[in-house]
Amino acid sequence: MSAITDLCKNTAILAPLAGVTDLPFRLVAREFGCGLCFTEMVSANGLVRETAKTLDYLKTCPEDRPLGVQIFGADPAVMAEAARIVGEHDPDILDLNMGCPVRKVVKTGAGAMLMKDLPLAGRIIAAVVRAVKRPVTVKMRAGWSRAAQNAVQLARIAEDAGAAAVIVHGRTADQGFSGFSDWSVIADVKRAVGIPVVGNGDIRKPSDALDMLKQTECDAVMVGRGALGNPWIFQGISELLAGASLGNRPRLAERYALIRRHWDLEVRHRGARLAGRSFRKHLLWYTKGLPSSGRLREAMGKMTDSDRMFAELEEYFRLLEQTQPEIMT
Ligand SMILES: Cc1cc2nc3c(=O)[nH]c(=O)nc-3n(C[C@H](O)[C@H](O)[C@H](O)COP(=O)(O)O)c2cc1C
């Protein structure tokens, strides 16, 4: 068994999500059985310059294990040096971002731009593998575009360069986050390489994970947006993988209790002053789709006083519980 499949046996992996998969959110995902979490992408240049903000992304704690740290960059020497710095923080996995389609990243030659220059991608992977003792993984898209779909080639290059696994998001870079993740690309990669393949893209409910495993024969699945406001998805996936039937969705009181725990983690790890800003998006995800939540969500989007925010939230959940106690959220 390889490192990555060992680390996430019978469960799913939390995807790297910029601005989201910080330490508090990772701890929440782990509470629901998430087997392996990734940090958001960290700039290799920032790491080498040791900027305080960049080093902040590496913040972790003993419960935050196993952990993959993802870095991005376009220069093999800088990526190797950044990997060495990350290695000092003892991550379980070091992941290389070769899939980010965001302009700010691709214009520097990094992220998905590397799918347009496979020899350079190969040099980066080889340089990083030489620089660290940890397993190195490569996260990629299906290709830059439909016409230039080359995940199979990049996966083979990654394998030859010593990568421990590849993670394949079935969208092309030029799709951004629209359209759908083409799982047949994940299946093609799985047939092409001997190292483990992690499938990613469009797992929104627990049964999607089983469908992806069956359709692509990938070794593990990674969940991104499906976990936003819904860390219960990891529990559901574990239940189905264990052959059990899917448990109930969380009741209102459980949802509210989780919101409070997540907030406490934010305050503990970020401090009360910064917690509010970072937590607001989670609140919006946790309350999405709840009955008559429009006004509350609008107010929360603007609110700066956390005591007032929680007073309103508590009142909303209390009233809802009174009037519709049967709701599974
Ligand atoms: C808000 C957001 C931030 C993301 N940040 C990263 C990132 O830092 N590194 C990365 O490799 N992918 C990033 N992604 C892509 C996800 O990891 C994942 O590949 C993609 O969302 C598809 O999976 P999903 O359908 O389960 O969300 C990001 C996606 C979103 C929506």
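Residues numbered from 1 in each chain as written. Predicted model: local features only at pLDDT ≥ 70, side-chain atom pairs only at ≥ 80, totals over all residues. Heavy atoms only, no water.

Domain boundaries assigned for the protein yield domain 1 (3-241) and domain 2 (252-323). Between the C-alpha centres of domain 1 and domain 2 the distance comes to 29 Å. On the side of domain 2, 14 residues touch domain 1, which itself brings 15 residues to the contact. Counting each side, the surface lost to burial between domain 1 and domain 2 is near 1,300 Å², with a carbon and sulfur contribution of 66%. Counting the surface domain 1 buries against domain 2, the share from its top three residues, P24, G229 and W232, is 36%. In this structure, the connection of domain 1 to domain 2 is made through 2 salt bridges. Measuring nitrogen to oxygen at the nearest pair gives 2.6 Å for the salt bridge that ties R261 to E31. Where domain 1 touches domain 2, the interface holds 4 residue pairs in polar contact (both at pLDDT 80 or more). Ranked by residue count, the leading element in the side of domain 1 that touches domain 2 is helix α2 (residues 23-31), at 6 residues. Residues that form the side of domain 1 that touches domain 2 fall into these classes: 10 nonpolar, 2 polar and 3 charged. (Domains from an automatic or database assignment. Contact = heavy atoms within 4.5 Å. Buried area = accessible area lost by both parts, 1.4 Å probe. Salt bridge = Lys/Arg side-chain N within 4 Å of Asp/Glu carboxyl O. Polar contact = N/O pair within 3.5 Å; in protein donor to acceptor, adjacent residues only side chain to side chain. Helix = DSSP H or I, 4+ residues; strand = E, 2+ residues; numbered from the N terminus. Nonpolar A, V, L, I, M, F, W, Y, C, P; charged D, E, K, R; others polar.)

The next point concerns the layout of surface pockets. Where empty space is left in the structure can be found by rolling a water-sized probe over the atoms. Size it by volume and the largest pocket reaches roughly 640 Å³. Contributing to the lining of the largest pocket are 20 residues, with D22, K53, D56, R270 and S278 lying nearest its centre. Elements with a minimum of two residues in the lining of the largest pocket: α2, α4 (52-56), α12 (252-270) and α13 (272-287). The leading source of residues in the lining of the largest pocket is α13, at 5 residues. Domain assignment of the residues forming the lining of the largest pocket places at least three in each of domain 1 (3-241) and domain 2 (252-323). Approximately 550 Å³ is the volume attributed to the second largest pocket. Taken together, 31 residues line the second largest pocket, and the ones lying closest to its centre are P16, L17, A18, K139 and F177. For the lining of the second largest pocket, the secondary structure elements donating two or more residues are β2 (36-43), β5 (136-143), β6 (165-172) and β8 (220-223). Tallying contributions element by element places β5 first for the lining of the second largest pocket, with 3 residues. Classifying every residue of the lining of the second largest pocket gives 16 nonpolar, 8 polar and 7 charged. (1 Å grid on protein atoms, 1.4 Å probe; cavity = no way out; pocket = protein on both sides within 12 Å on 5 of 7 lines; lining within 4 Å. Points joined across faces, edges and corners; volume = space filled by probe spheres on them.)

In the vicinity of the ligand there are 16 residues, among which A18, Q70, N200, D202 and R225 approach most closely. K139 places a side-chain nitrogen or oxygen 2.8 Å from an oxygen atom of the ligand. Note that an oxygen atom of the ligand is positioned 2.7 Å from one of the side-chain N or O atoms of R225. Contact with the protein chains removes 87% of the 620 Å² of surface that the ligand exposes when unbound. Cavity membership is defined here by more than half of the atoms lying within 2 Å of grid points; on that basis the ligand lies in the second largest pocket. (Near = heavy atom within 4 Å. Areas by Shrake-Rupley, 256 points an atom, 1.4 Å probe, with all protein chains shown as cover. Sits in = over half its atoms within 2 Å of the grid points.)

Moving on: the packing of helix α5 (residues 76-87) against helix α7 (residues 118-131). Helix packing geometry: the angle between the two helix axes and the distance between the axes. Between α5 and α7, the least distance of the axes is 8 Å, while the angle of their chain directions is 30°. Put simply, α5 runs roughly parallel to α7. The hand of the α5/α7 crossing is right-handed. Here α5 contributes P76, M79, A80, A83 and R84 to the contact with α7, which in turn contributes L120, R123, I124, A127, V128 and A131. Here the contact of α5 with α7 is built from residues that sort into 9 nonpolar, no polar and 2 charged. (Axes fitted to C-alpha atoms, helices over the stretch in contact; angles between N-to-C directions. Parallel < 35°, antiparallel > 145°, perpendicular 65-115°, else oblique. Left-handed = near helix turned anticlockwise from the far one by under 90°.)

So, on to the nonpolar core. I71, L96, V166 and F234 are the most contacted members of the largest nonpolar core, which totals 92 residues. Looking at this core, the element that brings in the most residues is α7, giving 7 residues. Residues lining this core come from more than one domain, with at least three contributed by each of domain 1 (3-241) and domain 2 (252-323). Apart from residues no more than four positions distant in its own chain, I71 is found in contact with V42, L47, M79, A82, A83, V86, L94, D95, L96 and N97. (Core = buried A, V, L, I, M, F, W, Y, C linked by side-chain atoms within 4.5 Å. Buried < 20%, exposed > 50% of the residue type's maximum accessible area, 1.4 Å probe, protein only.)

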